[in-house]
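Per-entry structural report
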Amino acid sequence: VGALLMWLQTPRVLRRPPRGFELSSFKHSTLVGDSGPDTLPVGPPTSAFADGDEADVQGTAYVAPNVGPGAPKKPSRWRAGVLRAIEWQRFEAVCTALFKQDGYVAKLRSGETLVGTQMWLYAPTETTKPVRIVLCKHLSDGPIATTTVDGFRQVLQQAGVASGAIVTAGSFSDDAKQFARRNHIAPVDSVNLLTVILRRSEAQQQELLAVATQGEYWRPSCPVCSAKMARISGLDGTWGCTGVPTCAGTVNWVPEVV
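Within any chain, residue numbers begin from 1 and follow the written order of that chain's sequence. For a predicted model such as this one, the threshold for reporting local features is a pLDDT of at least 70, and the threshold for listing and counting side-chain atom pairs is 80 or more; totals across whole chains, interfaces and linings nevertheless cover every residue. Hydrogen atoms and water are omitted, and side-chain values are computed over all heavy atoms in the structure.

Considerations on the environment of Gly 237
Put simply, the rule reads: Secondary structure elements follow DSSP: runs of H or I of four or more residues count as helices, runs of E of two or more count as strands, with numbering from the N terminus. The contact rule is simple, with two residues in contact once any of their heavy atoms fall within 4.5 Å.
Looking at where Gly 237 falls in the secondary structure, it is placed in the loop between strand 6 (229-231) and strand 7 (238-241). For the pair Gly 237 and Asn 252, spaced 15 residues apart in sequence, the C-alpha separation works out to 5.3 Å. Residues in contact with Gly 237, not counting those within four places in the same chain, are Arg 231, Val 251, Asn 252, Trp 253 and Val 254.

Points about the pattern of salt bridges
Rules: Every case where a carboxyl oxygen of Asp or Glu lies within 4 Å of a side-chain nitrogen of Lys or Arg is listed as a salt bridge. Accessible area is worked out with a 1.4 Å probe on protein chains only. A residue is then buried under 20% of its type maximum, exposed over 50%, and partly exposed in between.
Applying the stated rule across the entire model yields five salt bridges. The shortest N-O distance in the salt bridge between Asp 102 and Arg 200 comes to 2.8 Å. With Asp 102 in the loop between helix 2 (88-101) and strand 1 (105-110) and Arg 200 in the loop between helix 5 (190-198) and helix 6 (202-212), the pair connects residues that are 98 residues apart, well separated along the chain. Take Asp 102 and Arg 200: they sit in the same class, and that class is buried.

Let's talk about unusual backbone geometry
With omega at 5°, the peptide bond leading from Val 244 into Pro 245 counts as cis. Its location among the elements puts Pro 245 in the loop between strand 7 and strand 8 (250-252). For His 184, which is not a glycine, the phi torsion comes out positive at approximately 60°. Within the fold, His 184 resides in the loop between helix 4 (174-182) and strand 5 (185-188). The class of His 184 is buried, set by a relative accessible area of 10%. With a phi close to 75°, Ser 226 is a non-glycine residue in the positive phi region. With respect to the helices and strands, the residue Ser 226 is situated in the loop between helix 6 and strand 6.

Structural notes on the environment of Arg 181
By the secondary structure assignment, Arg 181 is in helix 4. Judged by its relative accessible area of 30%, Arg 181 is partly exposed. The spatial distance from the C-alpha of Arg 181 to the C-alpha of Ala 165 is 9.7 Å, given a sequence separation of 16 residues.

Quick notes on helix 2
What counts, and what does not: How far a helix is expected to stretch is found by multiplying one less than its residue total by 1.5 Å. Throughout this description, a polar contact denotes any pair of N or O atoms lying within 3.5 Å of each other; where both atoms belong to protein, one of them has to be capable of donating a hydrogen while the other can accept it, and for residues adjacent in sequence the pair is counted only when both atoms sit in side chains.
Taking 1.5 Å as the rise per residue, helix 2 with 14 residues should run 20 Å; its terminal C-alpha atoms sit 20 Å apart, in good agreement. When you tally the buried positions in helix 2, you get 10 out of 14 residues, the bulk of the element. N-cap assignment for helix 2: the residue whose side-chain oxygen lies 3.2 Å from the backbone N of Gln 89 is Glu 87. Trailing helix 2 by a residue or two, Gly 103 shows a phi angle of about 95°, which is positive.

Below is the structure:
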C-alpha cells in the first residue's frame, strides 16, 4: 500500500512524473493543488469473504437477476474476492464510479489493439484533452504481461498523456510491474484496488458495491454484443452468448464464490 502514494499528485500541467510514482488517491483535486485528506484509514485486506451461507453458482439454470437457485448470495460489504466474483462489465462500471466519486469526467472507449477498455479521464472544466488514461482489464488467463503494458504505453504517447494506470482484478508479472513503473504507468492489481476502495467513506463503499452487484453481476456479458451469456452444458467455465445464431460469442470464466 505504501507504494501507492504518488499517483495523481502532479499538477495538471503535463510534466515528467517522479520515478516510482504509484496510484494513490484518485481525487481530482490533487491535480490542482488541494492536498486535503481524501481517504480513511484502512487495515490490510482480508483473504476471505465471510457473509454466511453461499449459494452454489455451478450447474444451475439462471433466472431473474439475483433471485432463484442460480444466483449467489449478494455480498454486503467489500472483501477480498468481490472483484473476481463480478463480471467484466460490472468491473468496468466500478472503476468508472470510483473515478467519478473523485470529480473526474470518465469516458470509456474500447481499445483496438488492447484486450480491455480504455477509460479517458478529464478534468471537470476541460473535457477536450484527458489528464489520465486507465486501462481496465478484469481478468485474463494469467498475470498481465509486459507486452500489454507496452501497448498501453504507446496509447499514452499517442494521446500526449504523461501517465496512466492499468487496473485489474488479477495480477501482473514482476517484469510487467517494473516496466510499467519505468514508464509512469501504475500497475494496480486486485489488492491495490481493494485497498483504495476500503479507504473510501462507508457511504462511498456502499455506492461502489451497489454498482458492482447490480443486476446479474455474476453472469458475464458477451464481449461481442454485450448480451448476457449462459453456461454451455458439459463445458465447465464456458459461456455462450444468448443471442445465437446472430452472435456466437463465447468466454471462459468461473466467477469466484464469495
